[in-house]
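A look at the structure
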Amino acid sequence: SKENMKTTSKILQIINILFLILTFLFLVIQWNQIPIQIPTHYDIYGTMDNYGQKTSLIGLFIIEIVIYLLLKAIQWIVKLAINSSNTKKSFKQYISVIAELFILMSNFSFSMLIYHMATSSNISFWITFCPLILAILIASFTFYKFETC
């Protein structure tokens, strides 16, 4: 229903903001415990294969925020385009929820990457990048569906 979709969208927005806040707090609280040299690259198997300074975590967090803001801007532009068309209301709400899911999966992937780098632990491809791949597939399907409406 319309109200369920709006509620779901709002909950996802809150979760997205919480991911950013929690990632920031993790970096601030754990900063002194993070080794000076951390993994900065992982091979296809999730094993660390390059190292750099821990300050690269700040750059990665800034990239996470920039991507979040870019995705919110894209969501706003798509919303404007949909609102100016004769698209069904149910599909408009669907797009809003899918956009928030996509942003959530992006935030999750970046937060997991920052965590693994900060703790110098091997990374799991499935935990970190699968949500992002799933989000891209969902977004692709959604835009295909939008084109056919």
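To start, this report covers the structure provided alongside it. (Residues numbered from 1 in each chain as written. Predicted model: local features only at pLDDT ≥ 70, side-chain atom pairs only at ≥ 80, totals over all residues. Heavy atoms only, no water.)

Some words on the overall build of the chain
Scanning the chain from terminus to terminus reveals five helices and two strands. Looking at the chain alone, contacts between residues at least 24 apart form 68% of all its contacts between residues at least 6 apart. Summing over all exposed atoms, the chain offers an accessible surface of approximately 9200 Å²; the carbon and sulfur share of this is 71%. (Helix = DSSP H or I, 4+ residues; strand = E, 2+ residues; numbered from the N terminus. Contact = heavy atoms within 4.5 Å. Areas by Shrake-Rupley, 256 points an atom, 1.4 Å probe, with all protein chains shown as cover.)

So, the side chain of S106
The residue S106 is located in helix α3 (residues 89-118) in this model. Overall, the relative accessible area of 5% leaves S106 in the buried class. Among all residues touching S106, those that are not within four sequence positions of it are I67, L71 and L132. (Buried < 20%, exposed > 50% of the residue type's maximum accessible area, 1.4 Å probe, protein only.)

Considering the pattern of salt bridges
Oppositely charged side chains can pair when the atoms bearing their charge come close. All told, the structure shown has one salt bridge when counted by the stated rule. Note that K72 and E100 form a salt bridge whose closest N and O atoms lie 2.6 Å from each other. Of this pair, K72 sits in helix α2 (residues 56-83) while E100 sits in helix α3, placing them 28 residues apart in sequence. (Salt bridge = Lys/Arg side-chain N within 4 Å of Asp/Glu carboxyl O.)

What to know about the pairing of strand β1 (residues 37-42)
Two strands pair when backbone bridges link them, and β1 and strand β2 (residues 48-53) are joined in this way by five bridges, in the antiparallel orientation. Within the sheet, the bridge partner assigned to I38 lies in β2 and is G52. A loop of five residues connects β1 with β2, the two strands running antiparallel in sequence, and G46 in this loop sits at a positive phi of about 85°. (Pairing = 2+ DSSP bridges.)

Let's talk about α2
The end-to-end C-alpha separation of α2 is 40 Å, in line with the 40 Å expected for 28 residues at 1.5 Å each. Along α2, the residues classified as buried are L57, L60, F61, E64, Y68, L71, Q75, V78 and I82. (Expected span 1.5 Å × (residues − 1).)

A look at the side chain of T23
With respect to the helices, strands and loops of the structure, T23 is situated in helix α1 (residues 2-30). Judged by relative accessible area, which is 7%, T23 ranks as buried. Other than its neighbours up to four places away in sequence, T23 contacts F61, E64, S111 and I114.

A look at the packing of aromatic side chains
Following the criterion strictly, the structure yields three aromatic pairs and no others. Measuring from ring centre to ring centre gives 5.9 Å for F19 and F108, while their planes differ by 85°; the resulting arrangement is edge-to-face. Of the two residues, F19 is situated in helix α1 and F108 in helix α3; the sequence distance between them amounts to 89 residues. According to the relative accessible area criterion, F19 is partly exposed, its value standing at 22%. The class for F108 is partly exposed, based on a relative accessible area of 23%. Summarising the aromatic geometry, the rings of F26 and Y115 are spaced 5.7 Å apart at their centres and angled 50° between planes, so their arrangement reads as tilted. (Phe/Tyr/Trp six-rings, centres within 6.5 Å; stacked < 30°, edge-to-face > 60°.)

Quick notes on the nonpolar core
Soluble globular proteins tend to pack their nonpolar side chains together in the buried interior. Core analysis: the biggest nonpolar cluster contains 13 residues, and L27, I34, L57, L60, L113, I114 and M117 have the highest contact counts within it. Listed by contribution, the elements that provide at least two residues to this core are β1, α2 and α3. By residue number, the principal contributor to this core is α3, which donates five residues. Residue contacts for I34: discarding those within four places in its chain leaves L27, K54, L57 and A118. Counting residues in hydrophobic clusters, the runner-up holds eight residues, among them L20, L71, I103 and A135. (Core = buried A, V, L, I, M, F, W, Y, C linked by side-chain atoms within 4.5 Å.)

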